[in-house]
Amino acid sequence: MVEERAASFGKRSIKGTTKLAGLKMAVSMCDLTTLEGKDTPGKVAYLCRKALQPIEVKYDVSSCAAVCVYPNLVKYARQFLGGLSPVKIASVATGFPSGQYPMRTKLEEVRRAAVDGADEIDMVIDRGAFLAGEHAKVFDEIAATKEICGPAHLKVIFETGELVTYDNVRLASEIAMQAGADFIKTSTGKVSPAATMPVTLVMLEAIRDYFFATGIRIGMKPAGGIRTAKQALAYLVMVKETLGDDWLCPQLFRFGASTLLNDVLMQIVKTVEGNYQAADYFSLS
Amino acid sequence: MRTKAKGFSREASEGHAVAVILSRPVVALRERRLNFGGKWNYMPAPEDSKSYPIAPRHELFIGGKFVQPHSKQYFPSINPATEEKLTEIAFAEATDVDKAVKSARRAYQNVWSKMPGRERGKYLYRIARIIQEKARELAVLESMDGGKPIKESRDVDLPLVAAHFFYYAGWADKLKYAFPGKTPEPLGVAGQIIPWNFPLLMAAWKIAPALACGNTVVLKPAETTSITAMRLAQIFLEAELPEGVVNIVTGPGDTGAAIVNHPDIDKLAFTGSTAVGKQIAQAVAGTKKKLTLELGGKAANILFEDAPIDQAIEGVIAGIYFNQGHVCCAGSRLFVQEGIYSMVVKKLRDRIQTLRVGNPLDKNTDIGAINSNAQLRKIRDLVQSGVDEGARLTQTQCDLPEKGYWFPPSFFTGVTHAHRVATEEIFGPVLGVMTFRTPEEAFERANNTPYGLSAGVWTDKGSKIFNMVSQLRAGVVWANSFNKFDPASPFGGYKESGFGREGGLQGLAAYCRLR
């Protein structure tokens, strides 16, 4: 039933003003991401600029939610964005993407990223420990990371492509939320499959049950594999019909993506202008 | 931001528990509700219907021609979503039925029963392919005439219609291998009377196996939904099906009675209400006519504590609200194990709020129009009886269109076996929710009904599924799913839900004499 239900969201026909509103919402929820070994301060600056103003002012599109970078590049992002930016800085940490590092160094990474100015920490869980049944270890690592994060928001990445089953995804969601996650996130983007609609649905359902039980609203971030505006709209439909209007905001829902933004922008321009513009009119992302 | 980040480390780590809790605002217990409001509304997305004009009048289809009824009388066919007249349908009397049966008999004797199976199969394949080509048009007509959402007629009805013709086309030249040790022979002329809830699909269920086995057909669609059956007649012409192999007569119950009572009918197949089914069984008693009946239901959907609840909720929703609940195998009685009862009711309440009721042609509509005013009155009466008898009614909060026949998705809690809504078939989007404690109690209560068409079991434990399935008196039991159909899978009832099976190998047996 999970796949069937997830597929049903993609069948909603999103047209006209609904489409435009949805696309703009998707932009405001984008965590614009660059996670490459060859990342430079210059590329980060460029990404920050793009996140602040994704497209010409006349299209009335808000800034992206955040830029997502490696810990070493957080300070450059902060330099560029300054202290009061609407665009948050997210840093992956804890031995991203594998998580196969000593706890001490993982926490040190988180601490330094936060000191350098990260508003949000995207940690990875230790999938080795999870799959070996050492759930308490996973819990403890998340709780310790949350502690070291301080005011920075904590997103917990499961790498659902490695957890494989829906039961595992559901259990990981519950562990992470109870251990203090502010957001739960599907994937690093380094493993295939990354985010899928059914996996995201299972996580949204876990968030719903946690909300009913505790009154705490946890955020959701599907990441990796979401490349088209059409996909993004289907995710928004899923959020709307699973968790309701309260989750339709960047505080509680994000897309982790690098190529999605330009497709969404292209669709926005197409919806407003009536025809498609060549890719050359959009800055790289 | 940055200054804060610099300063946190020491203080925060001293009070970790506090930091974790304080960083996440807590909503008070009674305000923990999901908000399905209008923050991001979907614009209407209607399917184009202008491209598929409907003729102002539909004649009878007899002997490969469209002919006027003897009475020269016609009755209107109404779009239940707008109450507008779509067309006029011919009113067939006994004389017309006699003509149709004679035509079917001639076709049977001269052509169809003599034709090799592989040739009959070719016609069925051709029909299936034309149906696929015209699927969009047929789906639109089905939704306009019957009120079902285009999403369902497009994605469920039409693919299944084509699949049934393909499936039985495949059997046509393999009949002699279907029943080892036996030789199947056709029966003759089959009279087939079908309901209004799945007009084309029921026509396919009836016609495809009958033709595959070498029988000819006189079919009567339901009074309120004849349009797609007549469009199917055009497809038969296009496929060059020999004249008289399928004849379609339209009209009310009297037309059906004329088929039932016609002396030259060899086989009767009826899908519809149990009351009419009983009349047919009485009328046929003592005659040569073979009979299969697929009648009403009051299916139990049994939800155990160890089921994945969110997935089960989807199954419950699909079980009762699919096609406005106009489904004979609808899961209209929900039995929930006591420990998860309040959670299930809460989730059901949320979930029905996201069902979109309205224009059947809108691609975003989940619940379309009730098929007829008569059916709407019946649903309202039964729901009123539930309220009068003290059950608690929950309905979606939504605006219903002013014109047309509508009923919002609803469920009753506080229902017992002594409530009418828990025993009588409502045939509408209305669910009764009850509880149980042990598996024994579950199947005892599930079986405590004159019906026995279908049932559902939801649990993550395989052994429990097998145990339940062996105890449930129902023709179809779905495990961790509901309302799944496949032409290869036999469908039919226990007890007052009828006898005989449609679909699969068993569906062939209903149209053969085995020697």
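Because the structure is predicted, anything quoted here is derived from the model rather than measured.

## Points about the overall build of chain B
Reasoning step 1: A count of helical and extended segments in chain B gives 19 helices and 20 strands.
Reasoning step 2: Relative to the 2.2 N^0.38 estimate, which gives 24 Å for 515 residues, the radius of gyration of chain B is 26 Å and therefore close to what a compact globule would have.
Reasoning step 3: In terms of overall dimensions, chain B has C-alpha extents of about 95 × 50 × 50 Å along its principal axes.
Reasoning step 4: Each of the 515 residues in chain B was classed as buried or not, and the buried ones make up 53%.
Reasoning step 5: The long-range fraction of contacts in chain B, counting pairs at least 24 apart against all pairs at least 6 apart in sequence, stands at 72%.

## Some remarks on the nonpolar core
Reasoning step 1: Ranked by internal contacts, the top residues of the largest apolar core, which has 101 residues, are Cys30(A), Val67(A) and Ala77(A).
Reasoning step 2: Top element by residues in this core is helix α10 (residues 197–214) of chain A. It accounts for 10 residues.
Reasoning step 3: Setting aside its immediate chain neighbours within four residues, Ala77(A) contacts Val44(A), Cys48(A), Val67(A), Val69(A) and Ile89(A).
Reasoning step 4: Counting 88 residues, the second largest nonpolar core, distinct from the first, contains Ile193(B), Ala222(B), Ala229(B) and Leu268(B).

## Examining the sheet that holds strand β1 (residues 57–58) of chain B
Reasoning step 1: Here we have 3 strands laid out as an open sheet, ordered β1-β5-β4 (chain B), and mixed in their pairing. Whereas interior strands pair on both sides, the edge strands pair on one side only; in this sheet they are β1 and β4 (74–79) of chain B.

## As for the sheet that holds strand β7 (residues 219–221) of chain A
Residues and elements named next belong to chain A.
Reasoning step 1: Read across the open sheet, the 8 strands follow the order β7-β6-β5-β4-β3-β2-β1-β8; overall the sheet is parallel. Two strands close off the open sheet at either side, each with one partner strand: β7 and β8 (255–257). Neighbouring strand axes in the sheet, compared pairwise and without regard to direction, differ in orientation by 25 degrees on average.
Reasoning step 2: With 4 bridges connecting them, strand β2 (residues 66–69) and strand β3 (residues 88–93) associate as parallel partners. Along β3, the bridge assignment pairs Val69 with Ser91.

## Topic: the interface of chain A and chain B
Reasoning step 1: Facing the 42 residues of chain A at the interface are 38 residues of chain B.
Reasoning step 2: Put simply, the parts of the chain that give the side of chain A that touches chain B at least two residues each are α1 (2–9), α2 (16–28), α5 (103–115), α7 (135–149), α10 and α11 (229–242) of chain A.
Reasoning step 3: Here the side of chain A that touches chain B takes 6 residues from α2(A), the largest share from any one element.
Reasoning step 4: Class assignment of the residues belonging to the side of chain A that touches chain B gives a composition of 15 nonpolar, 12 polar and 15 charged.

## A word on the domain arrangement of chain B
Often, the extent of an interface is quoted as the loss of accessible area upon association of its parts.
Residues and elements named next belong to chain B.
Reasoning step 1: What the domain assignment lists for chain B is domain 1 (57–295 + 495–514) and domain 2 (300–479).
Reasoning step 2: Spacing between the C-alpha centres of domain 1 and domain 2 amounts to 30 Å.
Reasoning step 3: Every contact between the two is made by 21 residues of domain 1 and, on the other side, 26 residues of domain 2.
Reasoning step 4: Per-element accounting of the side of domain 1 that touches domain 2 gives the leading share, 4 residues, to helix α6 (residues 135–146).
Reasoning step 5: Residue classes in the side of domain 1 that touches domain 2 are distributed as 7 nonpolar, 7 polar and 7 charged.

## Some remarks on unusual backbone geometry
Reasoning step 1: Cis geometry marks the peptide bond from Phe96(A) to Pro97(A); its omega dihedral reads 0 degrees.
Reasoning step 2: For Pro97(A), the location among the structural elements is in the loop between β3 and α5.
Reasoning step 3: The residue after Ser192(A), namely Pro193(A), is reached through a cis peptide bond having omega 0 degrees.
Reasoning step 4: Along the chain, the position of Pro193(A) falls in the loop between β6 (183–185) and α10.
Reasoning step 5: Positive phi outside glycine occurs at Lys72(B), with the angle close to 60 degrees.

## Quick look at the pairing of strand β13 (residues 333–337) of chain B
Residues and elements named next belong to chain B.
Reasoning step 1: Among the 5 residues in β13, 5 count as buried, and that is most of the element.
Reasoning step 2: Residue alternation in β13 divides its side chains into two sets, Arg333, Phe335 and Gln337 and Leu334 and Val336, and both sets are buried.
Reasoning step 3: Bridging between strand β12 (residues 300–303) and β13 involves 4 bridges; their strand directions are parallel. Note that in β13 the partner of Asn301 across the bridge is Leu334.
Reasoning step 4: Read as a crossover between parallel neighbours, the route from β12 over helix α13 (residues 309–321) to β13 is right-handed.
Reasoning step 5: One ladder, built from 5 bridges, connects β13 with strand β16 (residues 430–436); its direction is parallel. Opposite Leu334, over in β16, you have Val433 as the bridge partner.

Parameters and conventions
Residues numbered from 1 in each chain as written. Chains lettered and ligands numbered in written order. Predicted model: local features only at pLDDT ≥ 70, side-chain atom pairs only at ≥ 80, totals over all residues. Helix = DSSP H or I, 4+ residues; strand = E, 2+ residues; numbered from the N terminus. Rg over C-alpha atoms; globule rule 2.2 N^0.38 Å. Buried ≥ 20, exposed ≤ 12 C-beta atoms within 10 Å, placed from the backbone. Contact = placed C-beta atoms within 7 Å. Core = buried A, V, L, I, M, F, W, Y, C linked by C-beta atoms within 7 Å. Pairing = 2+ DSSP bridges. Axes fitted to C-alpha atoms, helices over the stretch in contact; angles between N-to-C directions. Nonpolar A, V, L, I, M, F, W, Y, C, P; charged D, E, K, R; others polar. Domains from an automatic or database assignment. Right-handed = clockwise from strand over helix to strand, strands pointing away.

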